[in-house]
Amino acid sequence: MDPSIDTKLPVLHRFFEQPNRAETGSGTRGALFYEGEFGAEFYDNVFVRIRGGTATSWPKKAYKIELNEDHEFQFDAELPRVTEFDQNTTYTDKSYCRAILTTELHQDSGTHSPITFPMRVQQNGEFYSVSLYVEQPDKDFLRRGNLDPEGVYYKANPGSFYNSVSPFEKKTRRYESGKADAQEFIDGLRLTGAERENFLFDVADLPAQINFMAGVVITQNIDASDKNHFLYRDTRGMGEWFMTPWDLDLTFGPDALNTDRIMADGDDPGNRTAINPLLGSRKVELGAGKHNDYLDRLMTDSRTKAMFFRRVRTLTDRYLASDYFTNRLDELVELMEPDVVLDRERWKGQAHFGGRSDTMRETVERIKTEYLGPRLVYLQSGGGVGIPGPQPDKPKVRIEHVEFNPASGNQDEEYIKIVNGEGSAIDISGWTLSGGVDFTFKPGTVIPGFSLFNPGGGDLYLAKNVVVFRAREEGPSGNQGLFVQGGYRNHLSNFGEELVLLDDQEQEIYRQTYGG
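This section reports on the structure supplied with the text.

Quick notes on the rules
- Residues numbered from 1 in each chain as written.
- Predicted model: local features only at pLDDT ≥ 70, side-chain atom pairs only at ≥ 80, totals over all residues.
- Heavy atoms only, no water.
- Helix = DSSP H or I, 4+ residues; strand = E, 2+ residues; numbered from the N terminus.
- Rg over C-alpha atoms; globule rule 2.2 N^0.38 Å.
- Buried < 20%, exposed > 50% of the residue type's maximum accessible area, 1.4 Å probe, protein only.
- Contact = heavy atoms within 4.5 Å.
- Areas by Shrake-Rupley, 256 points an atom, 1.4 Å probe, with all protein chains shown as cover.
- Lys, Arg positive; Asp, Glu negative; His and termini not counted.
- Charge placed at Lys NZ, Arg CZ, Asp CG, Glu CD.
- Expected span 1.5 Å × (residues − 1).
- Salt bridge = Lys/Arg side-chain N within 4 Å of Asp/Glu carboxyl O.
- Polar contact = N/O pair within 3.5 Å; in protein donor to acceptor, adjacent residues only side chain to side chain.
- Core = buried A, V, L, I, M, F, W, Y, C linked by side-chain atoms within 4.5 Å.
- Pairing = 2+ DSSP bridges.

### Considerations on the overall build of the chain
Link 1 in the chain: Each helix and strand counted, the chain has 10 helices and 21 strands in total.
Link 2 in the chain: Computed over C-alpha atoms, the radius of gyration of the chain comes to 24 Å, within 12% of the 24 Å expected from 2.2 N^0.38 for 516 residues, which places it in the range of a compact globule.
Link 3 in the chain: Taking the principal axes of the C-alpha coordinates as reference, the chain spans close to 75 × 55 × 40 Å.
Link 4 in the chain: Here the chain holds 516 residues, and the buried ones make up 57% of them.
Link 5 in the chain: Long-range contacts, defined as pairs at least 24 residues apart, comprise 64% of the intrachain contacts of the chain with a sequence gap of at least 6.
Link 6 in the chain: Only carbon and sulfur atoms are counted for the fraction: they give 47% of the accessible area of the chain, which is about 20,800 Å².
Link 7 in the chain: Distance between charge centroids for the chain: 4 Å, based on 58 positive and 80 negative side chains.

See the structure below:
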């Protein structure tokens, strides 16, 4: 440990015989010494190379760091060690905060997103930079999110429009040749009408996907549609697909890479598609051809679009309308500012792209005044697309039917039908059903509103086993456009029992005793 280093940040010491070789794609080997909150540890024979696409041309680069399997990296005493991580550059973000804010918003709202935090980097005994530790999306990442590491996981490289599997890079299940599962998913997105809606409700993890999409809108991530995300399928479980975040620096205002412009609403000059909640659909492309057919299908289907808009409103009221972001920005300035000053002294005009010479604190204040406030007003006013007002404090959500004794005799075919009696979608994220069974609804679970033109559109089927439910020989079952969730504890009793539905504030919404 170097007693002359005065910092509030964890310190990553890098040691290379030939540092310039770390600036190449072929990389080099060296040693690391990491000082974190839990203590300090030395790592030898570590492989380091540059990473990224456009970022490889920047003077302040990003790196991939790979550890030896017999001595993995420990960044948190309460979390498992990892075999690799990314040391990301702050070149494109003069606030140094955007990627941190974005991943934390995703995490706090229920989307599995890479751990990201600032580090002070020393190289061969001298100050090198302020960089970001970014967790690698791999099997370790999936395990930490309680996701099956044997589920298929694809990285969406540039050109991932969801009309071809070519840009998708398989990260798990590599023992399977080809990308037949992804091709089947893309083929399903090409369906039309009722067939496509049935497909979406059977193969999309709608809560997880809608929650991800809503977080993108809150942070205005302009780079998450045709690249810079991952696609996961619970292959051995329900077989459902959803996207996870990656590369989160083009958030909170920019309408392009390496710009000082901050946009939040329709009053700002610049590329106004950047602010649109439907960014990534075929009708709202940041640039020609920059769309994502998975997003497009969910943003154009009336039921899933209503679910998406309701979740956007929930997150808007919970995070943008509170001091969540402003408090965290203040904390990050307090934590990072002394080292950021050193970073700018070390790199001078190459610390960031050109343009304004604002300090970290000045850039953070711009985010507060030019993004957070205007974005809140914009989204609460509908975002130009019809985002709804607040949902009722006690919405008309009820249990309509309890199938406790399936005709087949297979108890795994049992289900509970929950109905939204409101005319608009209702967010039931974090709600619980208790009594005879025990279940907590995932973040992003939204029941579409009731409509006379689509009487079953406001239903949710809570199944004991979703896969078995969808395979029922008689309806309700799969391929019917039903919104199905499930996996509750216990079985429904054939003798009757009480079921209690509580919202996320433990307010009772509905209570029913069914007879056996």
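That shown, we press on.
### A few points about helix α5 (residues 206-219)
Link 1 in the chain: Its 14 residues give α5 an end-to-end C-alpha distance of 20 Å, which sits within 8% of 20 Å, the value for a rise of 1.5 Å per residue.
Link 2 in the chain: Most of α5 is tucked away: 14 of the 14 residues are buried.
Link 3 in the chain: Positive phi appears at Q220, one or two residues downstream of α5, with a value of about 50 degrees.

### Description of the pattern of salt bridges
Link 1 in the chain: Evaluated as defined, the whole model comprises 42 salt bridges.
Link 2 in the chain: Here D343 makes a salt bridge to K60, at a shortest N to O gap of 2.7 Å. Of the two residues, D343 is situated in helix α8 (residues 324-347) and K60 in the loop between β3 (39-50) and β4 (63-66); the sequence distance between them amounts to 283 residues.
Link 3 in the chain: A relative accessible area of 0% places D343 in the buried class.

### Quick word on the side chain of D202
Link 1 in the chain: Considering the arrangement of structural elements, one finds D202 in helix α4 (residues 193-203).
Link 2 in the chain: Only 2.6 Å separates the side chain of D202 from the backbone nitrogen of N479, close enough to count as a polar contact.
Link 3 in the chain: With near-sequence residues (within four places) excluded, D202 lies in contact with E240, R470, G478 and N479.

### Examining the environment of W58
Link 1 in the chain: Topologically, W58 is positioned in the loop between β3 and β4.
Link 2 in the chain: Residue W58 is classed as buried on the basis of its relative accessible area, which comes to 9%.
Link 3 in the chain: Between the C-alpha atom of W58 and that of Q350, which follows or precedes it by 292 residues, the distance is 8.3 Å.
Link 4 in the chain: Ignoring any residue separated from it by four or fewer positions in sequence, one finds W58 in contact with T89, Y91, T92, L257 and N258.

### Concerning the nonpolar core
Link 1 in the chain: Counting 111 residues, the largest nonpolar core has Y294 and I416 as the members making the most contacts within it.
Link 2 in the chain: Setting aside chain neighbours within four positions, we find I416 in contact with I399, H401, V402, L433, V437, L460, Y461, L462, Y488, L492 and L499.
Link 3 in the chain: Listed in part, the 24 residues of the second largest apolar core include F75, V82, Y128 and W347.

### What about helix α1 (residues 98-109)?
Link 1 in the chain: Look at α1: 17 Å from first C-alpha to last across 12 residues, which is about the 16 Å you get at 1.5 Å a residue.
Link 2 in the chain: Where burial is concerned, most of α1 is hidden: 10 out of the 12 residues are buried.
Link 3 in the chain: If you check which residues of α1 are buried, you get R98, A99, I100, L101, T102, T103, E104, L105, H106 and S109.
Link 4 in the chain: A positive backbone phi angle near 105 degrees is found at G110, which sits one or two residues after α1.

### Section: the pairing of strand β5 (residues 84-88)
Link 1 in the chain: Of all five residues making up β5, four are buried, and the element is well covered by its neighbours.
Link 2 in the chain: For β4 and β5, the ladder comprises four bridges, and the chain directions are antiparallel. Its bridge partner lying in β5, Y63 is registered against Q87.
Link 3 in the chain: Bridging between β5 and strand β7 (residues 126-135) involves four bridges; their strand directions are antiparallel.

### Here we look at unusual backbone geometry
Link 1 in the chain: Residues G475 and P476 are joined by a peptide bond in cis, for which omega reads 0 degrees.
Link 2 in the chain: Following the sequence through the fold, P476 ends up in the loop between α10 (466-470) and β19 (484-486).
Link 3 in the chain: Even without being glycine, N45 reaches a positive phi, approximately 55 degrees.
Link 4 in the chain: Looking at the secondary structure, you find N45 in strand β3.
Link 5 in the chain: What makes N45 partly exposed here is its relative accessible area of 38%.
Link 6 in the chain: Not every positive phi belongs to a glycine, and E506 is a case in point at roughly 65 degrees.
Link 7 in the chain: Residue position: E506 is located in the loop between β20 (496-502) and β21 (508-515).
Link 8 in the chain: Its relative accessible area of 66% is what places E506 among the exposed residues.

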